[in-house]
Amino acid sequence: MGLLGKITAFITATTMIAGADTSIADKAFDKYVLDKEVEELFTPVDPVELCSEIVIGWNLGNSLDATYGSGLSTETGWGNPKTTKELILKVKETGFNAVRIPTTWYNHADSDLNVDKEWFDRVQEVVDYAYDEGMYVILNAHHEDWYDPYKSNLTAAKRKMKNLWTQIANRFEKYGERLIFEGMNEPRWRGTNMEWNGGSSEGRQTVNQLNESFVKAVRATGGNNRYRALMIPTYAASASALDGFTLPEDKSLIVSIHAYSPYDFAMNEKGTTKFDPNSSGSTNELKWLAETLYDRFISKGVGAIIGECGTVNKNNLSDRLNWAGYFPKVFGEKGIPVFVWDNNAFGYGNETFGLLHRNTLTWEYPKYVKKLISTAKSVHK
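Note that this is a predicted model, so its numbers are computed, not measured. (Residues numbered from 1 in each chain as written. Predicted model: local features only at pLDDT ≥ 70, side-chain atom pairs only at ≥ 80, totals over all residues. Heavy atoms only, no water.)

**Things to note about the overall build of the protein chain**
1) Next: Helix and strand counts for the protein chain come out as twelve helices and ten strands.
2) Next: Taking 2.2 N^0.38 as the reference for a compact globule, 381 residues should give roughly 21 Å; the C-alpha atoms of the protein chain span a radius of gyration of 20 Å, in line with that estimate.
3) Next: C-alpha extents for the protein chain along the principal axes are approximately 65 × 45 × 45 Å.
4) Next: Counting the 381 residues in the protein chain, one finds 55% classified as buried.
5) Next: If you take every contact in the protein chain between residues at least 6 apart in sequence, the share linking residues at least 24 apart comes to 75%.
6) Next: As presented, the protein chain carries roughly 15,900 Å² of accessible surface, and 50% of it is formed by carbon and sulfur atoms. (Helix = DSSP H or I, 4+ residues; strand = E, 2+ residues; numbered from the N terminus. Rg over C-alpha atoms; globule rule 2.2 N^0.38 Å. Buried < 20%, exposed > 50% of the residue type's maximum accessible area, 1.4 Å probe, protein only. Contact = heavy atoms within 4.5 Å. Areas by Shrake-Rupley, 256 points an atom, 1.4 Å probe, with all protein chains shown as cover.)

Put into structure tokens, the structure is as follows:
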């Protein structure tokens, strides 16, 4: 947004305050009107340009998306401490300029997904930790079972999708282009042999329809939500589900893909411990995905983000450093930012994606994190 637009938005907001009645104090965006620059969007955010402004992102995994416990206690239900502004500042100061905030909503809502006010307040507080620091923020709907993509579930899921995202969009309507909404996380047929292999035609088509419902629900709330970038996944957020994936009719979309790749190195604890950036065996899968996302989406004005990626610890730090020196580069050269998954889980093998110790705010693998960031910066345009 240009300076003139920002000044105009600020004057407009100030005028609104002067003539408003006391009921404005109940609105969620009060503090943005009162003591922050209000960014008003007038045209659809260019999703490719927006992605180019993200250097590298970090995931606040297993915190607001945790499902154990009740009420606000769920945030610490999976063993992570309560998120603090100091934690987000540490992430920013290290070199990340974007944060993805996985968030689960169903366990803080009634059966129709009317969300508790205290949960909305807490989620907004954490969003503000990053957004107020000038960072890009992705807010999503994470471990939700109501959007499992079965045809028999579609009518109910679309109704809940509309209700949930209408609430979220209204709550955050005054936020500018640095806030991105992501409708679903890895929608799939869980616990079946169709879970991770690209799914069936039914599953992929149902995901397409749910993505469309998400986009319509957000756009219908008006204001900045008419124009902000919206992020939509393929089935299971998988590259193997690109065939059959269709985009809603919209001018500001970003496709979400997760890439713990190459799988045998990055995630399979029984796989290889080696990554050689000069070997086609290590790099072909990554090259193919970067080129495919560019050809299918970016070249046509649609953004793409690797919403989750990372490597588990196999006592192979030197090879993980090789990966960190390659992965952000191969995608960054195509204008695709990557968001590293961090679940604060340490040790050896499967799911040990921990990077930042959240109690002490120290990095477990500082050379690895530094390499990820320096590689991303080296190709950032």
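Now that the structure has been shown, we can carry on.
**Here we look at the packing of helix H5 (residues 117-131) against helix H6 (residues 154-171)**
1) Next: At a minimum axis separation of 12 Å, H5 and H6 run at an interaxial angle of 50 degrees. Comparing their axes, H6 and H5 come out oblique. The element H5 and its partner H6 pack so that their crossing is right-handed. Of H6, the residues touching H5 (which contributes Phe120, Asp121 and Gln124) are Gln167, Ile168 and Arg171.
2) Next: Here the contact of H5 with H6 is built from residues that sort into two nonpolar, two polar and two charged. (Axes fitted to C-alpha atoms, helices over the stretch in contact; angles between N-to-C directions. Parallel < 35°, antiparallel > 145°, perpendicular 65-115°, else oblique. Left-handed = near helix turned anticlockwise from the far one by under 90°. Nonpolar A, V, L, I, M, F, W, Y, C, P; charged D, E, K, R; others polar.)

**Topic: the confidence of the model for the protein chain**
1) Next: Considering every residue of the protein chain, the mean pLDDT works out to 92; 90% of them sit at 70 or more.
2) Next: Segment residues 1-29: pLDDT under 50, and 19 contacts once partners within four positions in sequence are set aside and those in other chains are kept.
3) Next: Counted against residues more than four places away or in other chains, residues 31-35, with its pLDDT under 50, gives 14 contacts. (pLDDT = per-residue confidence, 0-100.)

**Overview of the pattern of salt bridges**
1) Next: Summed over the entire model, instances satisfying the criterion amount to 16 salt bridges.
2) Next: Note that Glu195 and Arg188 form a salt bridge whose closest N and O atoms lie 2.9 Å from each other. Arg188 shares its class with Glu195; the two are buried.
3) Next: Where Asp319 meets Lys274, a salt bridge forms, and the shortest distance between an N and an O atom there is 3.8 Å. Note that Asp319 is positioned in helix H10 (residues 317-324) and Lys274 in the loop between helix H8 (263-266) and helix H9 (280-296), a separation of 45 residues in sequence.
4) Next: Judged by relative accessible area, which is 55%, Lys274 ranks as exposed.
5) Next: Here the salt bridges do not stand alone but share partners, grouping Glu75, Arg122 and Glu125 into one network. (Salt bridge = Lys/Arg side-chain N within 4 Å of Asp/Glu carboxyl O.)

**Some points on the nonpolar core**
1) Next: The biggest cluster of nonpolar side chains holds 89 residues, and the ones touching the most others in it are Trp58, Trp105, Val127, Trp165, Phe181, Ile306 and Phe331.
2) Next: Excluding anything up to four places from it in sequence, Trp105 contacts Val115, Trp119, Phe120, Val123, Leu139, Asn140, Ala141, Glu144, Leu164 and Ile168.
3) Next: Core analysis: the second largest hydrophobic core is formed by 15 residues, Leu50, Tyr136, Ala229 and Met231 among them. (Core = buried A, V, L, I, M, F, W, Y, C linked by side-chain atoms within 4.5 Å.)

**A short note on the packing of H10 against helix H12 (residues 366-378)**
In a pair of packed helices, the angle between the axes and the distance between the axes together describe the arrangement.
1) Next: At a closest axis distance of 8 Å, the pairing of H10 and H12 adopts a crossing angle of 15 degrees. What the angle tells us is that H10 and H12 run roughly parallel. H10 and H12 meet at a crossing whose hand is right-handed. Seen from H10, the contacting residues are Leu317, Arg320, Leu321, Trp323 and Ala324; seen from H12, they are Lys367, Tyr368, Lys371, Leu372 and Thr375.
2) Next: In the contact of H10 with H12, the residues fall into six nonpolar, one polar and three charged.

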